[in-house]
Amino acid sequence: MSAAGKFFVRWRVRLGYPLAIVVVFLSRPTPRSILLGALVGAAGLGMRAYAAGYLHKQEVLTVTGPYAYTRNPLYLGSAILALGAGIATRSWISALLLIAYFALFYSIVMQREGNELHVRYGASFEEYARIVPLFIPRLTAAKLPAASAGAFSLAQYKKNHEWQAAAGFLFLILVLLLRWHFSAQ
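Along each chain, the written sequence defines residue order, and numbers are assigned to residues from 1. Totals for whole chains, interfaces and linings use all residues, but because this is a predicted model, local features are given only for residues with pLDDT of at least 70 and pairs of side-chain atoms are given and counted only at 80 or more. The side-chain quantities take in all heavy atoms of the structure and omit both hydrogens and water.

Trainee: What's the story with the packing of aromatic side chains in this structure? I'm lost.
Mentor: The description of an aromatic ring pair rests on the distance of the ring centres and on the angle between the ring planes. The aromatic pairing rule takes the rings of Phe, Tyr and Trp, using the six-membered ring of Trp, and pairs them if the centres are within 6.5 Å, calling planes under 30 degrees apart stacked, those over 60 edge-to-face and the rest tilted. Summed over all chains, the structure comprises seven aromatic pairs. Ring plane angle 20 degrees and centroid distance 4.9 Å describe the contact between F102 and Y106, whose orientation is recorded as stacked. Taken together, the positions of F102 and Y106, both in helix α5 (residues 92–121) and four residues apart, correspond to about one turn of that helix. We call a residue buried when its accessible area falls under 20% of the maximum for its residue type, exposed when it is over 50%, and partly exposed in between, using a 1.4 Å probe and counting protein chains only. By relative accessible area, F102 is classed as buried at 12%. Among the residues examined, Y106 registers a relative accessible area of 12% and is labelled buried. Aromatic side chains F102 and F135 sit 6.1 Å apart centroid to centroid with 45 degrees between the ring planes, which places their arrangement in the tilted category. Helix numbers and strand numbers start at the N terminus; a helix is a DSSP run of H or I with at least 4 residues, a strand a run of E with at least 2.

This is how it looks when you write it as structure tokens:
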């Protein structure tokens with residue numbers, strides 16, 4: 001992996017914290033923007049939860065469930081979550097910062113992960129990548145000949161620590177509520 005790739009993988013979450021502070025500082029939330037953003041964010045969290053219940057990191061090439069529609073349903077959920085956060089802030093600058101952060105970091109992360117999966121799974125991954133799009137989902141589930149029938153697992157969801165994304169988004173919503181409350185005084 002290139003030095004830039006390692007940087008983006010290692011620092012994507014750590015740089016998200018100062019970004020969140022800037023985003024909140026620039027925000028102008030209202031109860032309506034927070035509610036709309038929370039609803040959109042909940043859809044993103046649902047997508048992430050659904051994907052995490054199928055994902056067996058470093059064990060198998062996951063190609064069932066949401067992975068039959070897009071190779072990166074977790075990141076699609078993150079994009080929807082970022083959109084929800086941008087709506088909740090009611091700030092074009094905050095929304096653009098979130099979009100730029102996501103586009104920069106996650107495009108590199110998806111490429112790196114695709115390369116790793118190619119090395120690890122070879123022809124199986126090539127076939128999967130040929131049929132299933134990188135990010136924007138297909139309208140119908142891909143039918144892969146070598147796909148085992150995987151099912152959603154709450155235990156797998158927990159193993160993947162997906163609750164952390166929900167906790168982080170809930171914290172952001174609470175901070176935005178406090179920002180609105182104190183700025184309305």
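Trainee: Just checking my understanding: could you explain the packing of helix α2 (residues 16–26) against α5 for this structure?
Mentor: Every angle, taken between N-to-C directions, lies between 0 and 180 degrees, and every axis is a line fitted to C-alpha atoms, over only the stretch in contact when it is a helix. One can describe the packing of α2 onto α5 by two numbers: an axis separation of 8 Å at closest approach and a directional angle of 160 degrees. Between α2 and α5, the interaxial angle falls into the category roughly antiparallel. Relative to α5, the crossing made by α2 is left-handed. Contacts from G16, L19, V22, V23 and L26 of α2 reach α5 at I93, S94, L97, L98 and Y101. Any angle between 65 and 115 degrees counts as roughly perpendicular, while under 35 counts as roughly parallel, over 145 as roughly antiparallel, and the rest as oblique. In this scheme, a crossing is called left-handed if the near helix is turned counterclockwise away from the far one by less than a right angle; it is called right-handed if the turn is clockwise. Here, residues are in contact when the closest pair of their heavy atoms is within 4.5 Å.

Trainee: Got a minute to help me understand the environment of I34 in this structure?
Mentor: Here I34 lies in helix α3 (residues 31–52). Assessed through its relative accessible area of 3%, I34 is described here as buried. The spacing of I34 and R90 is 56 residues in sequence and 8.1 Å in space, taken between C-alpha atoms. Here I34 is in contact with P29, A88, I173, L176, L177 and W180, once residues within four sequence places are set aside.

Trainee: Can you walk me through the pattern of salt bridges in this structure?
Mentor: For side chains bearing opposite charge, pairing can occur when the charged atoms are close. Here a salt bridge means any side-chain nitrogen of Lys or Arg lying within 4 Å of a carboxyl oxygen belonging to Asp or Glu. Per the counting criterion, the structure on display carries five salt bridges. Salt-bridge contacts for E59 lead to K159; the nearest nitrogen and oxygen are separated by 2.8 Å. One end of the pair, E59, is in the loop between α3 and α4 (73–89); the other, K159, is in helix α7 (residues 154–159), and 100 residues separate them in sequence. E59 gets classed as partly exposed once you look at its relative accessible area, which sits at 43%.

Trainee: Any chance you could explain α2 here in plain terms?
Mentor: Three or four residues apart is the spacing at which side chains of an α-helix point the same way, because the helix has 3.6 residues per turn. Listed as buried for α2 are G16, L19, V23 and V24. All buried residues of α2 fall inside an arc of 135 degrees around its axis, so they share one side. More than 90 degrees from the buried face of α2, the exposed residues found are Y17, I21 and F25. The inward-facing, buried residues of α2 contact α4, α5 and α8 (163–183). The directions from the helix axis to the C-beta atoms are what the arc is built from.

Trainee: Help me out: how do you make sense of the side chain of R48 in this one?
Mentor: Topologically, R48 is positioned in helix α3. Assessed through its relative accessible area of 14%, R48 is described here as buried.

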